[in-house]
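# Inside the fold
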Amino acid sequence: MGVLEDCLEFLTMAGQGKVVLRTGSAAAPLDAGLTSLIETTVSSGDVSVFLPMDQAGAAGLRAYLRGLVDKGVDAVVALIDPGATTLVTDPEKLLAVQRDLGVALHAPVDAVAPGLLPEDRLFPVGVNGLKASADAVPASYRLVPEGQAVQRAALSDLKTSQVPASIERLRGWLTGSPARAGSWPGDHSAVAAVHHALYDTLPGGEVDKLLSSPRPVSLGTLQELLRGRLASLDPGTVWSEFSAGRAAAALIHGWPDGDANPRAFWLVRDPGDGRMYWADPLAHGELLPADLDGAHDERAAILERQKSTALLVDASGNPYVPAAGTAVEAVPLVSMHARPHGQSMLVGAWPQAARSTIRKQILDVVSGFDSPVIAVDVRRGQPLDGRSTMDAELKAALNESLKRATGAPVVVATEYNDDLMWLVRNQYGGATVVPSTGNLGGLEGWDVHGQGLPERYSVLSADVLVYAGRQASRTPVVPAPQVLREFIASPSWPEAEQYFRANRAELLTPESITAVRALVDQYHARASTLGPDGLAHEDHPFFAPDRALPAFGVLLEVASRTANDPRTEPVAPNDPSLLADRVPYTALADESLFFGYLSNRPVPGSAGGFQDGLLWLRQLIGAMFAEPITGVGPAAVVDTLAAKGELEGERAARNPGSPEFFRAHATVAAALLQTIDPVRWGGSVSPHAQITAIDCLTGEDRVAWHYIIKQEVQPIVPPPTQNELRLLIEDIATCY
């Protein structure tokens, strides 16, 4: 088989609502026996995925199927024995595949005999798609995932409860009928059951109908059942709605720190004593007291996260939308994850409902301080080798604020945190002020950490901040004009390009070019500095790479160099197909080529944004291998590839745990350069090791790289390198 047939999988339509997972060429006709099997198999659901048993572990399949379920698609997998072209009936194989995939399987009639499969997970489906009656012959059988079966059983138990709808009924049901789930729930029946326990109803559907359907309750279905929509709400708004008595419960949806799978749970108020509780039926079989402080309560911390959403419910069980608050306008050079507080900036939650002594002291002092300070409400991440870390989202927010600081920063934090201290001191040369607490948690004083030993103060005051500022001022500062700082602080690459076009002359002054070079050099110098442990800072686990800054330098360098050169012409894709023959380069490329890739500029005639990005990728790689003509050097291309999707607004728009496709492309480009010129671009990690470490490239990405190398690289490299390129292509095409 050719290289493209080694790993790429294709989902081919095989009838209405039926697809089959295939390998090799997508254009090859279906086998007659397989076609007949698919046509005669009566399955249920919106889509039936016919899956050869030997492909059940295919890369990306589990994520694809779970993604369908999350979107509300009722997907059912029918396992095929590829050797016999029959459906798999072995109970152990069916159960093993389902444990891995986590979605519903079609259960052939031969597999539903008593004792073969767990009876509580076999769902007889009638011709109407609902549960077949006892006296009817099912149209098909479905093996539902264990988590869904347990949740439906728990909901059924609740429906028969004789206890009136109340928080007492919810408490008793959680204790008696826990519905545990893995990291990916797949079904939210138990989450819907919380509303039923409290109000004895589901506004958008009857419980009987829910129980008679084999469809998993997706997040969208859950919102339909509640007749409301999850929305981004400030945690302070949620707490205040409860305090004012307008909210009796709230559905919360969000991602825990470091988890790619979101969670859905409830915040409920006991109408008797006003106490607040978490009802999280997929994780705990009891009501948990709710602490409003995300520093001490993991669910409160989830509510504080930027991608989390909430749906408020009143005392009658009806969802409602709170009155809109005052919109917060963006402030130049202030991170979108920070907010001004006097001359200073606040990073983190700073909950109004949980103002501790430490928080109050910090807010009072920094609000009246006449110099900029960054105040951080710390949320911890998972410990690392005995050292404290920050929540990943909070660290990203702090890092964005540190990057925008005009000089070495002063950071005041609500607690000592190893990750925070290292970042501020080693990466940015700043000083920190943190509280010192005793064994019982009492506040004993405030410590200033800068150069040398910490300095202890009994109380936090302006004098403490002045001393911290003197410590930070020992770090050399790179002066940069305002226009450059605002350019670098752009929230997205399309906005960066727009800002560049509007301020081109100012950005290309000698002062600005000198400053951006100094900023990039300072970043690289700090990254390569050796710490006491002998590690370069960039190899330290607390280091926060700035993948965008070098690309800003590239853009201004290229624009400055080509601004008045008559050989310069815009270089852009001239064909919407990746399969097009290579077109020789004839002009010096200006910054529009780099902006085209970074901003995913539309290409006329392409199939959409995803293909646009791949076409610009090919153009950039091609220009790099025509450097004598285009002036596009490898280092500039590597820096540009590494920067795509890395600006603050672009990162904020992503769901936690989303695949890092753009970073993967940068890795492939680096491996490609190392393959072609190992002396110049070689490193401690081989091209093979770099490529095989990538786990997020899609089939389309791999096909694109195949043609990029075939059309743009192979024709111009010497014969001795051709074999190495073929091996690299094999690595790219192989799914690891």
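Summarised in this report is the structure supplied together with it. (Residues numbered from 1 in each chain as written. Predicted model: local features only at pLDDT ≥ 70, side-chain atom pairs only at ≥ 80, totals over all residues. Heavy atoms only, no water.)

Looking only at helices and strands, one finds 29 helices and 23 strands in the protein. Rg of the C-alpha trace for the protein: 29 Å, near the compact-globule value of 27 Å for 736 residues, within the 12% margin. Counting only C-alpha atoms and orienting by the principal axes, one finds that the protein spans roughly 85 × 75 × 45 Å. The 736 residues of the protein split such that 52% are buried. Sequence separation of 24 or more characterises 65% of the internal contacts of the protein that already satisfy a separation of 6 or more. For the protein, the accessible area works out to roughly 32,600 Å², and carbon and sulfur atoms hold 53% of it. In the protein, 59 positive and 86 negative side-chain charges are present, and the distance between their average locations comes to 2 Å. (Helix = DSSP H or I, 4+ residues; strand = E, 2+ residues; numbered from the N terminus. Rg over C-alpha atoms; globule rule 2.2 N^0.38 Å. Buried < 20%, exposed > 50% of the residue type's maximum accessible area, 1.4 Å probe, protein only. Contact = heavy atoms within 4.5 Å. Areas by Shrake-Rupley, 256 points an atom, 1.4 Å probe, with all protein chains shown as cover. Lys, Arg positive; Asp, Glu negative; His and termini not counted. Charge placed at Lys NZ, Arg CZ, Asp CG, Glu CD.)

Here the focus is the side chain of Ser-189. Mapped onto the elements of the fold, Ser-189 is located in helix H6 (residues 189-199). Here Asp-187 takes part through its side chain, which lies 2.5 Å from a polar atom of the side chain of Ser-189. Not counting residues within four places of it along the chain, the set of residues in contact with Ser-189 comprises Gln-151, Arg-152 and Val-217. (Polar contact = N/O pair within 3.5 Å; in protein donor to acceptor, adjacent residues only side chain to side chain.)

On to the pairing of strand E16 (residues 344-347). On E16, burial covers both faces: Ser-344 and Leu-346 on one face and Met-345 and Val-347 on the other are all buried. Note: strand E15 (residues 338-341) against E16, four bridges, orientation antiparallel. Bridging across to E16, Ala-338 finds its partner in Val-347. From the end of E15 to the start of E16, which pair antiparallel, there are two residues, and Gly-342 there has a positive phi angle of about 65°. Where E16 meets strand E17 (residues 374-376), three bridges bridge the pair, whose relative direction is parallel. The residue of E17 that forms the bridge with Val-347 is Val-376. Between E16 and its parallel partner E17, the chain crosses via helix H11 (residues 357-367), and the hand of that crossover is left-handed. (Pairing = 2+ DSSP bridges. Right-handed = clockwise from strand over helix to strand, strands pointing away.)

Okay, the packing of aromatic side chains next. The tally for this structure, following the rule as stated, stands at nine aromatic pairs. Their ring planes at 70° and their centres at 6.3 Å tell us that Trp-239 and Trp-278 sit as a pair that is edge-to-face. A residue pair is termed long-range when its members are at least 10 positions apart, and Trp-239 in helix H9 (residues 235-243) and Trp-278 in strand E11 (residues 276-279) qualify at 39 residues. Owing to a relative accessible area of 7%, Trp-239 belongs among the buried residues under this scheme. Residue class for Trp-278 comes out buried when judged on its relative accessible area of 1%. Seen from their ring centres, Phe-487 and Tyr-499 are 6.3 Å apart, and the 15° between their planes marks the pair as stacked. Of this pair, Phe-487 sits in helix H15 (residues 482-488) while Tyr-499 sits in helix H16 (residues 493-502), and the two are twelve residues apart along the sequence. Over the face of the ring belonging to Tyr-277 we find Arg-171, whose NZ or CZ atom lies 5.5 Å from the ring centre. (Phe/Tyr/Trp six-rings, centres within 6.5 Å; stacked < 30°, edge-to-face > 60°. Lys NZ or Arg CZ within 6 Å of the ring centre and 35° of its normal.)

All right, on to the nonpolar core then. Judged by nonpolar contacts, the single largest core of 74 residues is most densely connected at Phe-487, Trp-493, Ile-621 and Trp-705. Not counting the four nearest positions on each side in its chain, Trp-705 is found in contact with Leu-617, Ile-621, His-665, Val-668, Ala-669, Leu-672 and Ile-732. In this structure, Leu-202, Leu-226, Ala-249 and Ala-279 belong to the second largest nonpolar core, which totals 37 residues. (Core = buried A, V, L, I, M, F, W, Y, C linked by side-chain atoms within 4.5 Å.)

Positive phi, normally seen in glycine, also occurs at Asp-200, with a value near 65°. With respect to the helices, strands and loops of the structure, Asp-200 is situated in the loop between H6 and helix H7 (207-211). Residue Asp-200 is classed as partly exposed on the basis of its relative accessible area of 46%. Even without glycine at this site, Arg-227 takes up a positive phi of about 55°. The topology assignment puts Arg-227 in the loop between helix H8 (219-226) and H9.

Read from one edge of the open sheet, seven strands run E15-E16-E17-E18-E19-E20-E21, paired in mixed fashion. Among the strands making up the open sheet, the edge pair consists of E15 and strand E21 (455-457). Direction aside, the axes of adjacent strands within the sheet are offset by 25° on average. Examined bridge by bridge, strand E20 (residues 443-449) and E21 share three bridges and lie antiparallel to one another. Within E21, the residue paired with Asp-447 across the bridge is Arg-456. (Axes fitted to C-alpha atoms, helices over the stretch in contact; angles between N-to-C directions.)

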